[in-house]
Amino acid sequence: MGSYVLKRTGQMAVILVIISIFIFLLVSMIPGDPVYAMLGEEVSTEEYQRVYLELGLDKPVMVRYFDWLVSALHGDFGQSTQFHKATMEVLSERIPITLFLSFTAFFISIPLGIFFGVISAVFRGKKIDTVVTFLANLTACLPQFWVGLLVMYVFAMKLGWLPSYGFTWLWDDFSTGIRQLILPLFCLSLTGVASITRQTRSSMLEVIRQDYVRTARSKGLKERKVIFVHALKNGLIPVITILGMRLGTMLGGSMFVESVFSIPGMGSLFVKAITSRDIPVVQACVLVTALVACTINLITDILYAVVDPRIRFE
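The residue count restarts for each chain, going from 1 along the sequence in the order it is written. A pLDDT threshold of at least 70 governs which residues receive local features in this predicted model, and a stricter bar of 80 or more applies before side-chain atom pairs are shown or counted, although totals over entire chains, interfaces and linings include all residues. In computing side-chain values, all of the structure's heavy atoms are included and hydrogens and water are not.

*Asks:* So what's going on with the overall build of the chain? Which residues, and what values?
*Replies:* A helix here means a DSSP run of H or I that spans at least four residues, while a strand means a run of E at least two residues long, and both kinds are numbered starting from the N terminus. What the chain contains, in helices and strands, is 14 helices and two strands. For the chain, the residues scored as buried account for 41% of the 314 residues in total. Relative to all contacts within the chain whose residues are 6 or more apart in sequence, the contacts with residues 24 or more apart total 72%. Exposure was quantified through the Shrake-Rupley algorithm and a 1.4 Å probe, taking into account, for residues, occlusion by the shown protein chains and nothing else. Split by element, the accessible area of the chain, about 17100 Å² in all, is 67% carbon and sulfur. To sort residues, take the accessible area from a 1.4 Å probe on protein chains only and compare it with the maximum for the residue type: under 20% means buried, over 50% means exposed, and anything in between is partly exposed. Residue contacts follow a heavy-atom distance rule, with two residues in contact if any of their heavy atoms lie within 4.5 Å.

*Asks:* Provide a residue-level description of the pattern of salt bridges, including the pertinent values.
*Replies:* A pair is scored as a salt bridge if a Lys or Arg side-chain nitrogen falls within 4 Å of a carboxyl oxygen belonging to Asp or Glu. Under the counting rule described, the total for this entry stands at one salt bridge. Residues Arg201 and Asp129 are paired through a salt bridge, measuring 2.9 Å at the closest nitrogen-oxygen approach. Taken together, the residues Arg201 in helix α8 (residues 174-208) and Asp129 in helix α6 (residues 127-140) connect sequence positions 72 residues apart.

*Asks:* Residue-level account of a nonpolar patch on the surface, with values.
*Replies:* Like-charged residues are merged into a patch within 9 Å and nonpolar side chains (Val, Leu, Ile, Met, Phe, Trp, Tyr) within 5 Å, provided each residue has over 30% relative accessible area and no salt bridge. Taken together, the side chains of Val14, Ile18, Phe22, Leu26 and Met29 define a hydrophobic patch exposed on the protein surface, amounting to about 530 Å² of accessible area. Along the chain, Val14 falls in helix α1 (residues 2-28).

*Asks:* Just give me the short version of the packing of helix α5 (residues 87-122) against α6, but keep the residues and values in it.
*Replies:* Between α5 and α6, whose axes approach to 8 Å, the crossing angle comes to 140°. Classified by the interaxial angle, the pair formed by α5 and α6 is oblique. Read as a crossing pair, α5 and α6 show a hand that is left-handed. In contact with Phe116, Ile119 and Ser120 of α5, α6 contributes Ile128, Asp129, Val132 and Thr133. Only Asp, Glu, Lys and Arg are considered charged, only Ala, Val, Leu, Ile, Met, Phe, Trp, Tyr, Cys and Pro nonpolar, and every remaining residue, Gly among them, polar. Of the residues contributing to the contact of α5 with α6, the split by class is four nonpolar, two polar and one charged. Comment: axis = line fitted to C-alpha atoms, over the contacting stretch for helices; angle = value between 0 and 180 degrees taken between N-to-C directions. Each angle is binned into one of four classes, with values under 35 degrees roughly parallel, values over 145 roughly antiparallel, values of 65 to 115 roughly perpendicular, and all other values oblique. Two helices cross in a left-handed way if the nearer one is turned anticlockwise from the farther one by less than a right angle. They cross in a right-handed way if the turn is clockwise.

*Asks:* Can you break down the nonpolar core residue by residue, with the values?
*Replies:* Among soluble globular proteins, nonpolar side chains are generally buried collectively. Residues belong to a common nonpolar core when they are buried Ala, Val, Leu, Ile, Met, Phe, Trp, Tyr or Cys residues joined through side-chain atoms within 4.5 Å. Ranked by internal contacts, the top residues of the largest apolar core, which has 39 residues, are Leu101, Phe167, Met204 and Phe261. Breaking this core down by element, the ones donating at least two residues are α5, α7 (144-158), α8, α10 (223-235) and α11 (237-260). Top element by residues in this core is α8. It accounts for 11 residues. Ignoring anything within four residues of it in the chain, the contact list for Leu101 reads Phe167, Leu181, Leu185, Leu188, Glu258 and Ile263. With 22 residues, the next largest nonpolar core counts Ile23, Tyr65, Phe77 and Val90 among its residues.

*Asks:* Would you mind going over unusual backbone geometry in detail, with residue names and values included?
*Replies:* Positive phi, close to 55°, is recorded for Ser262, a residue that is not glycine. With respect to the element layout, Ser262 can be found in the loop between α11 and α12 (266-275).

*Asks:* Pulling in residues and values, what's your account of the packing of α5 against α8?
*Replies:* Between α5 and α8, the least distance of the axes is 6 Å, while the angle of their chain directions is 35°. Like other packed secondary-structure pairs, α5 and α8 cross with a definite hand, here right-handed. Of the residues in the contact of α5 with α8, the class split is 18 nonpolar, nine polar and one charged.

*Asks:* Just give me the short version of the environment of Trp68, but keep the residues and values in it.
*Replies:* Positionally, Trp68 belongs in helix α4 (residues 61-73). With 44 residues separating them along the chain, Trp68 and Phe24 place their C-alpha atoms 8.9 Å apart.

*Asks:* I'd love a proper account of the side chain of Thr191, names of residues and values included.
*Replies:* Tracing the backbone shows Thr191 in helix α8. With relative accessibility at 10%, the residue Thr191 sits in the buried group. If near-sequence neighbours (up to four positions away) are discounted, Thr191 is found in contact with Thr139, Leu142, Gln144 and Arg246.

*Asks:* Before we move on, can you summarise the side chain of Arg94 with the specific residues and values?
*Replies:* Relative to the elements of secondary structure, Arg94 occurs in helix α5. We note that Arg94 is buried and unpaired, the nearest opposite charge coming from Glu93 at a distance of 5.0 Å. Think of it this way: Lys and Arg go in the positive column, Asp and Glu in the negative one, and His and the chain ends go nowhere.

*Asks:* Explain the packing of aromatic side chains to me, and be specific about the residues and the numbers.
*Replies:* We call Phe, Tyr and Trp rings a pair once their centres come within 6.5 Å, taking the six-membered ring for Trp, and we label the pair stacked below 30 degrees between planes, edge-to-face above 60, and tilted otherwise. If you walk through the whole model with that rule in mind, you get nine aromatic pairs. Between Phe100 and Phe167, the aromatic rings sit 6.1 Å apart at their centres with planes inclined by 70°, giving edge-to-face as the arrangement. Placement of the pair is Phe100 in helix α5 and Phe167 in the loop between α7 and α8, with a sequence separation of 67 residues. Since its relative accessible area comes to 23%, Phe100 is described here as partly exposed.

*Asks:* Account for α8, naming residues and giving values.
*Replies:* In this model, α8 (35 residues) spans only 44 Å end to end at C-alpha, well below the 51 Å of a helix rising 1.5 Å per residue. The term bend refers to the angle at a residue between two fitted axes, each drawn through seven residues, those ending there and those starting there. Maximal helix bending in α8 amounts to about 35°, located at Ile182; proline Pro184 follows within four positions. Given a helix with a known number of residues, its expected span is that number minus one, times 1.5 Å.

*Asks:* Could you give an account of the environment of Ser92, with specific residues and numbers?
*Replies:* Here Ser92 shows up in helix α5. Placed 173 residues apart in sequence, Ser92 and Gly265 show a C-alpha to C-alpha distance of 9.9 Å.

If you want it as structure tokens, here you go:
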């Protein structure tokens, strides 16, 4: 098990290095003068020179990359030209909000998706299976930003039941925080519930046909025990893989949801940084997102090996 974890960790480190190279080179190859793009055409010569040297644009690309990588490994992503303070300080204010939204939506979608998937598989071919499958296939195709705009129009603008923007921590104002979370969490959880439902249904249909499930039924065990003890445990093995992918997708999807509902998270920060050509923030956002996604995939691989011992031995 130790060698398996070490191998996966090494692969994650290589992927992060490759991502860092690509993002740095892509940002460096953006057409136009980054200093003028950030400060405007009316910037003074002294200010231009200061930012030019601050970004290290007087050095070769590879030298700048290694300087940036060494600094990033020490938690220093440079100075944000948009907010005029350390990039890491800006991220530290936004990352907790994005992680809170993503993980909350993730843990909402897991039990709902597994429950609907099991129900659909157990009652295969019946009306409830048709309804659940249809809704899962439909919601899996809906873009999150479109769903966000739709629910905002209905529940915020037309009915006036819920606020259409903002974020408040629950310990600061529980009532306001809950009301502001309902629409964003609905948008983030919807596609997660749909994809987990589809995968769980597919896995359960395959497992239910296995001999050991028939044997359990022939022993006179209750159907509930057969499904949730014997079938579901093995049926969840493929689902674990998609759970890691879903959490990574939710982190990426939070960019659109945060922009729609004006939530001050890392997604909305990323959008603003791109439009204002805030290079240090763009690079930091991509690298931090990649780090979180790779860590999630690493944990998923470890859980997969724990559930299925064949992975460890192979």
